[in-house]
Amino acid sequence: MKETWKPGNMLYPVPAVMVSCETKDGDSDIITIAWTGTVCTNPPMLYISVRPERYSYHILKESGEFVVNLTTKKLAKATDYCGTKSARDVNKWEKMSLTKEKSAFIDAPIIKESPVNISCKVDQILELGSHHMFLARVEGVQVDEELLDEKGRLNLEKAGLISYSHGQYFELGKVLGRFGYSIMRKKRKKR
Ligand SMILES: Cc1cc2nc3c(=O)[nH]c(=O)nc-3n(C[C@H](O)[C@H](O)[C@H](O)COP(=O)(O)O)c2cc1C
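These remarks concern the structure in this document.

Procedures and definitions
- Residues numbered from 1 in each chain as written.
- Predicted model: local features only at pLDDT ≥ 70, side-chain atom pairs only at ≥ 80, totals over all residues.
- Heavy atoms only, no water.
- Near = heavy atom within 4 Å.
- Polar contact = N/O pair within 3.5 Å; in protein donor to acceptor, adjacent residues only side chain to side chain.
- Helix = DSSP H or I, 4+ residues; strand = E, 2+ residues; numbered from the N terminus.
- Nonpolar A, V, L, I, M, F, W, Y, C, P; charged D, E, K, R; others polar.
- Contact = heavy atoms within 4.5 Å.
- Phe/Tyr/Trp six-rings, centres within 6.5 Å; stacked < 30°, edge-to-face > 60°.
- Buried < 20%, exposed > 50% of the residue type's maximum accessible area, 1.4 Å probe, protein only.

Turning next to the site of the ligand. The environment of the ligand is made up of 22 residues, and the closest members are D29, T32, S56, K85 and S86. In the model, an oxygen atom of the ligand is placed 2.7 Å from a nitrogen or oxygen of the S56 side chain. Of all the elements in the fold, those that place two or more residues in the shell around the ligand are β2 (28-33), β4 (45-50) and α1 (55-63). The leading source of residues in the shell around the ligand is β2, at four residues. Split into classes, the residues belonging to the shell around the ligand amount to ten nonpolar, seven polar and five charged.

Next comes the structure, spelled out in structure tokens:
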């Protein structure tokens, strides 16, 4: 038997990312966002959905830029803090000892401590309801060199990424398979 529920958001797990942004006057913020996702491969595009009452909203709207910073086990506390405190009251960079660094692609800052920084420019703002969706183009990505192997391949599993599911943060579990593993032929055992 199943219970039937009224419409609601139950698409989990999702990422919980830290979005950094800054106006031309240097007013900057970090907002934690779970309503985010990839929407197009080519051109690379993603979205973040933000409530207009967030302090960061005006920065995002004014600057038309932001950086999506992936979050890790080490950054879990900062992720939660940046999602519960407002830049109206605190300087989140200072309080969480996060380092503001110039993005290689846009004027908005990256968070140095995050292993992957995705610099974006806003393409459209869709006023959906409680949240406004910032549909954006990815301008470039910065990745910690520590995550690259000797051939320059990215080993993202080394980053300790976290996800968010129904109010709780989780670290990723063990690998279950690789893309396409369900249709791969098994290697024959050598005799
Ligand atoms: C895990 C998590 C996910 C969140 N996701 C969103 C989101 O997708 N959109 C949003 O507007 N607020 C979201 N929030 C709430 C904001 O991060 C929070 O209100 C923050 O304090 C706003 O900061 P600001 O006022 O400095 O912009 C989330 C909070 C947490 C803890």
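Back to the write-up after that little detour.
This part covers the side chain of S163. Looking at the secondary structure, you find S163 in strand β10 (residues 162-165). If near-sequence neighbours (up to four positions away) are discounted, S163 is found in contact with P13, V14, Q168, Y169, F170 and L172.

Pairs of aromatic rings are described using the distance from one ring centre to the other and the angle between the two planes. Scanning all chains against the criterion turns up four aromatic pairs. Each ring, one from Y12 and one from W35, has its centre 6.4 Å from the other, and the planes form 40 degrees; the classification is tilted. With Y12 in the segment before β1 (17-22) and W35 in the loop between β2 and β3 (36-40), this residue pair connects regions lying 23 residues apart in the sequence. On the basis of relative accessible area, Y12 is assigned to the partly exposed category, the value being 22%. What makes W35 partly exposed here is its relative accessible area of 27%. Through a chain of ring-to-ring contacts, the aromatic side chains of Y12, W35, Y164 and Y169 assemble into a single cluster.

Note that all results are geometric; they support no functional claim without further evidence.
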